[in-house]
Amino acid sequence: LSQSATNVLVEGSWFERSGFDSSEGSSDIRTDIALRRNVFSDKGTPIYAGNVSGFLVEENVVYDPVTGRDAGHGMYITSEGNSDHVVRGNIVHYASHGDGIKQRPGGVSEGNVIAGVESSSIHYDVSNPTTLSAIAHGNLILERASPDAGGITFYSGWRGEMTDNIVADEPANIDARPFSA
């Protein structure tokens, strides 16, 4: 995105071996950016967001991201310059060696389906939990890749709420923690 991007909608696109990266080239804050109804495949961290105020990631499909930058998270919203973001109604499948949805500055994650993730399905790594909050609502987490995989993970000292989420697992992972803080 350009240094002064504002009111941008990326919709109905297919990204194969490429992705969305808002942090390239500048530390200027971009405002009101939306990714809606896109497909992202075969790319380590296909959605990588930095320096965005007002970021909506809605109804996208992210599948089989290969190991790459930032450990192959399905989505990674960094703590650098990000605020007011919502991740809603997405399908994330098999984010190898990383988190399904990593939201470092908190934010809202609702109505997502996350499956086959090796680390945490939804990971709020809030660097300053006294000023930021996280909301996880109505997410469905399936088939975690190992007993060590987290369902929904909050950094210690987080503020926020967790409601109406479902973590359904394979028998091999029956002892895995569905939530941790």
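Residues numbered from 1 in each chain as written. Predicted model: local features only at pLDDT ≥ 70, side-chain atom pairs only at ≥ 80, totals over all residues. Heavy atoms only, no water.

Thoughts on the sheet that holds strand 8 (residues 61-63)
Okay, so step 1: The strand order 2-5-8-11-14-17-20 describes an open sheet built from 7 strands, whose pairing is parallel. Lying at the two open borders of the sheet, with one neighbouring strand each, are strand 2 (14-16) and strand 20 (166-168). Averaged over all pairs of adjacent strands, the angle between strand axes in this sheet comes to 5 degrees, irrespective of strand direction. (Pairing = 2+ DSSP bridges. Helix = DSSP H or I, 4+ residues; strand = E, 2+ residues; numbered from the N terminus. Axes fitted to C-alpha atoms, helices over the stretch in contact; angles between N-to-C directions.)

Description of the nonpolar core
Okay, so step 1: Of all hydrophobic cores here, the largest spans 27 residues; its most connected members are Ile47, Phe55 and Met75.
Okay, so step 2: At the level of secondary structure, the elements contributing two or more residues to this core comprise strand 4 (30-36), strand 6 (47-49), strand 7 (52-58), strand 9 (75-77), strand 15 (120-124), strand 16 (134-137) and strand 18 (150-154).
Okay, so step 3: With 3 residues, strand 7 is the largest single contributor of residues to this core.
Okay, so step 4: The residues touching Ile47, leaving out its near neighbours within four places in the chain, are Phe20, Leu35, Phe40, Phe55, Val57, Val62, Gly74, Met75 and Tyr76. (Core = buried A, V, L, I, M, F, W, Y, C linked by side-chain atoms within 4.5 Å. Buried < 20%, exposed > 50% of the residue type's maximum accessible area, 1.4 Å probe, protein only. Contact = heavy atoms within 4.5 Å.)

Focus: the sheet that holds strand 1 (residues 6-11)
Okay, so step 1: Spatially, 7 strands are ordered 1-4-7-10-13-16-19 in an open sheet, and the strand pairing comes out parallel. The outermost strands of the open sheet, each flanked by one partner alone, are strand 1 and strand 19 (160-163). Strand-to-strand twist in this sheet, taken as the mean axis angle between neighbours without regard to direction, amounts to 5 degrees.
Okay, so step 2: Pairing geometry for strand 13 (residues 107-110) and strand 16, over 4 bridges, is parallel. What sits directly across from Ser109, in strand 16, is Ala136.

A look at the pairing of strand 15
Okay, so step 1: With 5 of 5 residues buried, strand 15 lies mostly within the body of the structure.
Okay, so step 2: Both strand 12 (residues 101-103) and strand 15 contribute to a ladder of 3 bridges, which runs parallel. Paired with Lys102 across the bridge in strand 15 is His123.
Okay, so step 3: Alignment of strand 15 against strand 18, held across 4 bridges, turns out to be parallel. The residue of strand 18 that forms the bridge with His123 is Thr153.

Description of the environment of Ala34
Okay, so step 1: With respect to the element layout, Ala34 can be found in strand 4.
Okay, so step 2: Spatially, the C-alpha atoms of Ala34 and His85 are 9.6 Å apart, while their sequence positions differ by 51 residues.
Okay, so step 3: Aside from chain neighbours lying at most four places away, what touches Ala34 is Val8, Leu9, Val10 and Leu56.

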